[in-house]
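Notes for the structure review
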Amino acid sequence: MSKRIASLALAMGLGLVGAGLGATTASAQATLANVKQKGFLQCGANTGLAGFGVPDAQGNWSGFDVDYCRAIAAAIFGDPTKVRFTPLAAKDRFTALQSGEVDVLIRNTTVTMSRDTTLGLDFPAVNYYDGQGFMVRKKLGVASAKELNGASICTQQGTTTELNLADYFRGNNLKYEVVAFATSDETFKAYDTGRCDAFTTDASGLYSERLRASAPDDHIVLPEIISKEPLGPGVRQGDPQWADLVRWTHNALLIAEEFGVTKANVDQMVKSDNPEIKRLLGAEGSYGESIGLTKDWAVRMVKGVGNYGEIFERNIGEGSRLKIKRGLNALWNKGGIQFAAPIR
Amino acid sequence: MAVQSLSGSSLAYVQARQSEPLPPPSLMRGPIAWIRQSLFSSVSNTILTLVVLYLLYLVVPPVLRFAIVDAVWTGADRAACREDMVGHPVGACWAFVVDRIGYFTYGAYPVPERWRVNVWFAMLALGVVWMLWLRAPRRDIGAAYFFVVFPVASFILLTGWGAVGLEPVSTAFWGGILVTLLVSVIGIVFSLPFGILLALGRRSKLPVVRLASVIFIEVIRGVPLITVLIMANTMLPLFLPAGVTVDRLLRPLVGVAIFSAAYMAEVVRGGLQAVPKGQYEGAMSLGLGYWRMMVLIVLPQALRIVIPGIVNTFIGLFKDTSLVYVIGVFDLMKTIESARIDPIWAAPTVSNTGYAFAALFYFVCCFGMSRYSLMVERKLAAGQKR
């Protein structure tokens, strides 16, 4: 209570008269207890990225990252709608998490060593393996990025994209010409109107940009991926229970896909004889309780948003307009690298 | 005798009736003459006219073609706005704006509660008209309404209050035109009184007051608005005790209010300096104290002088509010930014259409403000006309 008063006083000190708009308190420790007490999950989200988090006409958010927030909410409350989104710009996302403004950050954030070690944050899982790719016109007759010698390439200024591009072309002894623009919109328009031979950004972005082209079928995405961009949820360091919960949310969604537990059949699957499924769905053991939830946490989650494959297909895969291939994000036994540690 | 013969009708060479007036010479009056005089009066003028006409020819037809002729007005998704799917060139995709107009207006404000925002818009319009219409009845009540009743009512209406049966709505859901207007109105409403106080403070003879005003004005004016916003949004949480947060919409509101107050202070100070010293001395010789002298004699003259400056600051502030999008607040620009990337509306002209809509909105608002200020200037300057 005194904190609340202190923050109100500060707001007043800033010259604010209608201070009632308010200040809230949240404990940095024991995130789960705090979330349960609030009655909703506060999720740091993207301010708009096709397939990963976009508002619809009513302003409701949907997307791949958004569904991860909903999955966590479903695991805790049994209700995927008990989540509030704080759209965060790239530069204030970590501050928002550090200051306790959001409980978890699920906002296509690349996991890197410096972010993991110096920011006071943890990245318990990687829910999407992304990487920088190229798009070219079909009529250019190019099948590999290695054939792009001498090409002009449209890219966005001042991003790691530009640096990766330089590394890749220098490493392969290829000549190229960068045509850089300030915004992603301008960059793609320039490519679409023929200003450059190729367009580069993260592979997930290539597919959504291609939809916007004046003739989407005239463009192909080349197979080379020239950088590693593992995207994953972030949490504050120092709350191992909460980090475990986020990690096992991701693992459980993968295991559900691996064993064919879907949104539609999860109620029947509870009666399954397969020991893996029994442990996942809480028919055997009490694994949910070890992360502060109840035994049937994964049932609630899959019922709320589906398994990993369903989330993928619905938002960015074949069931969506983006039609991104699973690629690296296929399960480990289907040619990808999404590999979940077992529940036991 | 001679006089009589002149006024009489006996002289045959004096016309008895007035003759029909001739039409004015066509080269001196009328449209042709106007064109000759204004557009082709000299060689250089003729060249300039032709150049401007050519530029208009370059600009106007494509704009009309984009905005009206080739525009798509109805449709449910990207298929309506794609040249390869509809089979003719596509200009502006207004169908996208029509589809998302609710989002652009209210942001994510819950649909069943959006009537509250409509009521707020109506209350805002009432207050603005009451304040701005110079011959409106009881403008004193209007001022009380706008500066006391309206802020309190807006707060209750928009954030909700369980006691009167209004569902609480977190500011995280506010967006679009609602936020743009809210940030501008707060900036405008706070900046004028605070700006006047700061300007008086800066000219005060009390050293502490003067120093404090100078420091505040110079520090805030010395940094860009975007810095103030990022400080308020990103740095402030780091200074607060762990776990304490200030509402995300409140931060830019405070930032914009203090920023515009500092600018307003300098505009008002210009007006104060333009009032002749004799006015101050006259007021003092009447035995008026400081505040009466300011309120009754000096400020009315000073503010009239700086109306163009004040409106200029308001217009600048109104457009500057779009900067809040860099800190993740969903004003009109940001809602357009996040809607245009939706794959449902992925078509080449959708982004341009969104930006055109924003430009239209800002232009209409700013042009209205500018015309109004011209009108007020003419009215208030009536006594100065010779």
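Criteria and thresholds
- Residues numbered from 1 in each chain as written.
- Chains lettered and ligands numbered in written order.
- Predicted model: local features only at pLDDT ≥ 70, side-chain atom pairs only at ≥ 80, totals over all residues.
- Helix = DSSP H or I, 4+ residues; strand = E, 2+ residues; numbered from the N terminus.
- Rg over C-alpha atoms; globule rule 2.2 N^0.38 Å.
- Buried ≥ 20, exposed ≤ 12 C-beta atoms within 10 Å, placed from the backbone.
- Contact = placed C-beta atoms within 7 Å.
- Domains from an automatic or database assignment.
- Nonpolar A, V, L, I, M, F, W, Y, C, P; charged D, E, K, R; others polar.
- Axes fitted to C-alpha atoms, helices over the stretch in contact; angles between N-to-C directions.
- Parallel < 35°, antiparallel > 145°, perpendicular 65-115°, else oblique.
- Left-handed = near helix turned anticlockwise from the far one by under 90°.
- Pairing = 2+ DSSP bridges.

Comments concerning the overall build of chain B
Broken down by element type, chain B carries 16 helices and one strand. Taken over C-alpha atoms, the radius of gyration comes to 30 Å for chain B, far larger than the 21 Å a tight globule of 386 residues would show. Looking at chain B as a whole, 33% of its 386 residues qualify as buried. Sequence-distant contacts in chain B: of pairs separated by 6 or more residues, those separated by 24 or more amount to 66%.

Some details on the domain arrangement of chain A
Residue and element names in this part refer to chain A. Here chain A is described as being made up of domain 1 (34–129 + 231–334) and domain 2 (132–227). For domain 1 and domain 2, the distance between their C-alpha centroids amounts to 31 Å. When its residues are assigned to classes, the side of domain 1 that touches domain 2 shows four nonpolar, one polar and two charged.

Let's talk about the packing of helix 11 (residues 250–274) of chain B against helix 14 (residues 307–320) of chain B
Residue and element names in this part refer to chain B. Interhelical geometry of helix 11 versus helix 14 gives an angle of 165° and a closest axis separation of 9 Å. Taken together, helix 11 and helix 14 sit at an angle that is classed as roughly antiparallel. Here helix 11 runs over helix 14; the crossing is right-handed. Facing S260, Y263, M264, V267 and G270 of helix 11, the residues of helix 14 in contact are G309, I310, T313 and L317. For the contact of helix 11 with helix 14, the per-class residue count stands at five nonpolar, four polar and no charged.

Notes on the sheet that holds strand 12 (residues 198–202) of chain A
Residue and element names in this part refer to chain A. Spatially, five strands are ordered 11-10-12-9-13 in an open sheet, and the strand pairing comes out mixed. Each edge of the open sheet is held by one strand with a lone partner, namely strand 11 (176–181) and strand 13 (219–221). Here the strands of the sheet are splayed against their neighbours by 30° on average, with no regard to which way each runs. Taken together, the five bridges between strand 9 (residues 132–137) and strand 12 define a ladder with antiparallel strand orientation. By the bridge assignment, V136 is partnered in strand 12 with A198. Along the sheet, helix 8 (residues 203–212) contacts strand 9, strand 12 and strand 13; its crossing angle with strand 12, the most-contacted strand, is approximately 125°.

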